[in-house]
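# Chains, contacts and geometry: an overview
These are the residues of each chain, in order.
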2 protein chains.
Amino acid sequence: KVSPISEEKEPEGEILERCRGFMSPPVTDIGELQEREGEMRTRMEMLIMQTQADFCKALEVVDGGTFKVDRWQRNEGGGGISCVMQDGKLFEKAGVNVSVVFGYLTEEAAKQMRSRGKVLKGKDGKLPFCAMGVSSVIHPKNPHIPTVHFNYRYFEIEEEDGSKQWWFGGGTDLTPVYINKDDAFHFHNTLKEACDKHHSQYYPDFKKWCDRYFYIQHRGETRGIGGIFFDDLDSPSQEEAFSFVKSCARTVVPCYLPIVHKHLNDSFTEEEKDWQQVRRGRYVEFNLVYDRGVKFGLATPGSRIESILMSLPLSARWEYMHEPAKGTLEAEMLEALRNPKEWV
Amino acid sequence: KVSPISEEKEPEGEILERCRGFMSPPVTDIGELQEREGEMRTRMEMLIMQTQADFCKALEVVDGGTFKVDRWQRNEGGGGISCVMQDGKLFEKAGVNVSVVFGYLTEEAAKQMRSRGKVLKGKDGKLPFCAMGVSSVIHPKNPHIPTVHFNYRYFEIEEEDGSKQWWFGGGTDLTPVYINKDDAFHFHNTLKEACDKHHSQYYPDFKKWCDRYFYIQHRGETRGIGGIFFDDLDSPSQEEAFSFVKSCARTVVPCYLPIVHKHLNDSFTEEEKDWQQVRRGRYVEFNLVYDRGVKFGLATPGSRIESILMSLPLSARWEYMHEPAKGTLEAEMLEALRNPKEWV
């Protein structure tokens, strides 16, 4: 059963006006965006720029620090804007990255980009494509404030006959160092409410997909306590899929900031900091060994390594045979990673 | 031109007597080793156990700490002995691991194990195999003492017609945080002298192979300043190949310990420690993204993860856009990693 689409069909506003609030002008020339105002790639670029700005500004307010803004270009077409705050008051490393890239893909690369691996037919084997997204990882200093990650992306590809394939992907997930059931409920419930406005199966399906995706096979544990994750979303219509992605992007601040505010003055011990560093090590393991985006990025010539590896924590630790004692809070955390829970 | 084989054909001695000096009894039952005393897999298991013991004891003497010895079994056949010293006086993390595993391989897996990818024919597609090796990574605390890594291994596989394929692989390489030309010369020259006793092309060929193998593609830099690396060594004869591997294994202590002794009292600054942590991050990147042994291990069900990831440093750091200023010692280090040098 499909729930009615969100009512909040607010006007998307004048492009120039909206751009004034961004961390940097959009990747695409503003004149070009104005010319193709109604097209999905314009609307999506505006959404990811907006999401970057909203999230960065919310983090700057709570931290007191400032994001360093780097614009970069990709020789093959497009570029990005990386916002990084390192060694802030609250945040050890906070990165919010936008990228808008375009060019041509081989049929093989096009197939790999899509998780279901649909075969696409290109003119002489080459497919014009456009890919854009916003992605972020925030690693706080205080072990009682969880790490958060989100990514929302849009993909367009043109086949030999001129027909366009498009899809959305994304998700938001939380990686605490210690379990806090209220935080977990708040985080998941905020996502569930955003999902439920669009389809009653979205939250349960995308919650499961998230647990499955962020799984560290060799450790037999998930990276964190999940959230939602989806890919290849091309239904029920482009308008409705975009409306869903917009709802998700808008929950990033309400999902995370209340948790930051709640814990920013929590005291912590050296042992708690140590456990955080061990968990950071697992975060690195997931990102370097399994993450599809990182693997794709590292293997792609001309990609911006610093923006891809921005997701790694400032510091991490690997202790041989580390295993928390039974009955400890560390063991409770591990248990939730070994057997994903329903938090809502 | 082939140089004469090493004269030092010392008696390999009585098995039981030699086992007394090991960190733990060998993986294979001593009675079984005595029964097949002349076979290569026995001689190699004795060599790797001996190498582990010699290296661990040399490190214990200089550090003052003790290795923790873990024996582990592999359900599918075989097992290993992991020796780890963590948070010692000199060493942040020192691991020396022996493994001796056997069982059956699929033709696909057998092909992957060999770097040249020779096709092997098994009985009903299954190939009995035996693989053993010693491997070690030592991460010191002092940034003026380099990290060292070595690995020596032997592989045997039986084809459908009962004929045996075998080969050796291995290498020793150094990862300093700062360039010290005398150390680099000593390290490479000790390896060169060991190689030269067996073949004049071994050092130049295996030095190049090492630079090529320990290359972090996405950074455009090598992991360290190299040493030697070789694989698929099955010539000129099994006896001579083993004699070469024995020479290499015996150079581990003389390659590394003099460097440790030279620098153990060097003072260092917080900035130098920080640069060490950044280099540790690159070490993690290489090991998790590229290292064939790690990738193979993580993907193999039933492998012992803690022994595989023992090679990771106790701590590492990722700073966004870290680039040393021109003319600094850090920049000099990077330059040597971006353009591998001849040290001898």
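Each remark here, short or long, concerns the structure printed above.
Let me begin by describing the structure that accompanies this report. (Residues numbered from 1 in each chain as written. Chains lettered and ligands numbered in written order. Predicted model: local features only at pLDDT ≥ 70, side-chain atom pairs only at ≥ 80, totals over all residues. Heavy atoms only, no water.)

## Brief notes about the overall build of chain A
Each helix and strand counted, chain A has 12 helices and 10 strands in total. What you see for chain A is a C-alpha radius of gyration of 20 Å, in line with the 20 Å of a compact globule of 344 residues. Along the longest, intermediate and shortest principal axes, the C-alpha atoms of chain A span 60 × 45 × 40 Å. Across the 344 residues that make up chain A, the buried fraction comes to 59%. Put simply, of all contacts in chain A between residues at least 6 apart along the chain, 72% involve residues at least 24 apart. Across chain A, the mean location of the 45 positive side-chain charges is 2 Å away from that of the 54 negative side-chain charges. (Helix = DSSP H or I, 4+ residues; strand = E, 2+ residues; numbered from the N terminus. Rg over C-alpha atoms; globule rule 2.2 N^0.38 Å. Buried < 20%, exposed > 50% of the residue type's maximum accessible area, 1.4 Å probe, protein only. Contact = heavy atoms within 4.5 Å. Lys, Arg positive; Asp, Glu negative; His and termini not counted. Charge placed at Lys NZ, Arg CZ, Asp CG, Glu CD.)

## Description of helix α5 (residues 181-196) of chain B
Residue and element names in this part refer to chain B. The first and last C-alpha atoms of α5 sit 21 Å apart over 16 residues, in line with the 22 Å expected at 1.5 Å per residue. Taken together, the buried positions of α5 are D183, A184, F187, H188, N189, T190, L191, A194 and C195. Contacts from the buried residues of α5 go to β5 (147-158), β6 (164-175), α6 (202-213), β9 (226-233) and α7 (238-263). Of the residues flanking the start of α5, the one acting as N-cap is N180, its side-chain oxygen 3.0 Å from the backbone nitrogen of D182. (Expected span 1.5 Å × (residues − 1). Polar contact = N/O pair within 3.5 Å; in protein donor to acceptor, adjacent residues only side chain to side chain.)

## Observations concerning the relation of the copies chain A and chain B
When chain A is fitted to chain B, the residual RMSD is 0.0 Å, and the transformation amounts to a turn of 180° plus an axial shift of 0.0 Å. Viewed as a symmetry operation, the transformation between the two copies matches a two-fold axis. Residues of chain A ranked by C-alpha distance from the rotation axis are headed by A316 of chain A, positioned 2.7 Å from it. Comparing interface residues between copies, 100% of those in chain A also lie at the interface in chain B; the contact surface is shared. (Least-squares fit on C-alpha atoms with pLDDT ≥ 70 in both.)

## Quick word on the sheet that holds strand β4 (residues 126-140) of chain A
Residue and element names in this part refer to chain A. Pairing within the open sheet is antiparallel, and its 7 strands lie in the order β1-β2-β3-β4-β5-β6-β9. Two strands in the sheet have a free side with no partner beyond their single neighbour: β1 (68-73) and β9 (226-233). Going from strand to strand, the sheet's axes swing by 10° on average, the running direction of each strand aside. Alignment of β4 against strand β5 (residues 147-158), held across 10 bridges, turns out to be antiparallel. Looking at the pairing, M132 lines up with Y154 of β5. Across the sheet, helix α3 (residues 40-63) lies against β2 (78-86), β3 (91-106), β4, β5 and β6 (164-175), angled at about 170° from β3, the strand it touches most. Its contacts with the sheet put helix α6 (residues 202-213) on β6 and β9, and the angle it makes with β9 is roughly 100°. (Pairing = 2+ DSSP bridges. Axes fitted to C-alpha atoms, helices over the stretch in contact; angles between N-to-C directions.)

## Quick look at the sheet that holds β5 of chain B
Residues and elements named next belong to chain B. If you walk across this open sheet you meet the 7 strands as β1-β2-β3-β4-β5-β6-β9, and the pairing is antiparallel. The open sheet terminates on both sides in strands that have one partner only, identified here as β1 (68-73) and β9. Pairs of neighbouring strands in the sheet enclose a mean axial angle of 10°, with direction left out of account. Pairing of strand β3 (residues 91-106) with strand β4 (residues 126-140), which is carried by 15 bridges, proceeds in the antiparallel orientation. Each residue of the ladder has a partner; that of V98, found in β4, is V134.

## Considering the pattern of salt bridges
For the structure on display, the rule yields 50 salt bridges over all chains. Within the structure, one salt-bridge network assembled from shared partners comprises K68, D70 and R304 of chain A. (Salt bridge = Lys/Arg side-chain N within 4 Å of Asp/Glu carboxyl O.)

## Topic: the side chain of H322 of chain B
You can see H322 of chain B is positioned in the loop between β10 (315-317) and α11 (329-338). For H322 of chain B, a relative accessible area of 19% gives the class buried. Contact partners of H322 of chain B, with chain neighbours within four places excluded, come to E306 of chain A together with W275, V278 and R282 of chain B.

## Remarks on the interface of chain A and chain B
Accessible area lost on assembly of the parts is the figure often given for the size of an interface. Across the contact, 28 residues belong to chain A and 28 residues belong to chain B. Taking both partners together, chain A and chain B bury about 2,700 Å²; carbon and sulfur atoms supply 60% of that area. Three residues stand out in chain A for area buried against chain B, namely E306, W318 and Y320 of chain A, and they jointly supply 30% of the buried area on that side. Counting every contact that joins chain A to chain B gives 2 salt bridges. Taking the shortest distance from any N to any O, the salt bridge between E306 of chain B and R219 of chain A comes out at 3.1 Å. For the pair chain A and chain B, the number of links is 15 residue pairs in polar contact (both at pLDDT 80 or more). (Buried area = accessible area lost by both parts, 1.4 Å probe.)

## Focus: unusual backbone geometry
Residues and elements named next belong to chain A. That bond from S235 to P236 is cis: its omega, -5°, falls within 30 degrees of zero. The backbone phi angle of D87 is positive, close to 55°, even though this residue is not glycine. Tracing the chain through its elements places D87 in the loop between β2 and β3. Unusually for a residue other than glycine, D232 sits at a positive phi of about 55°. Here D232 lies in strand β9.

Treat this as a map of the structure, not an account of what it does.
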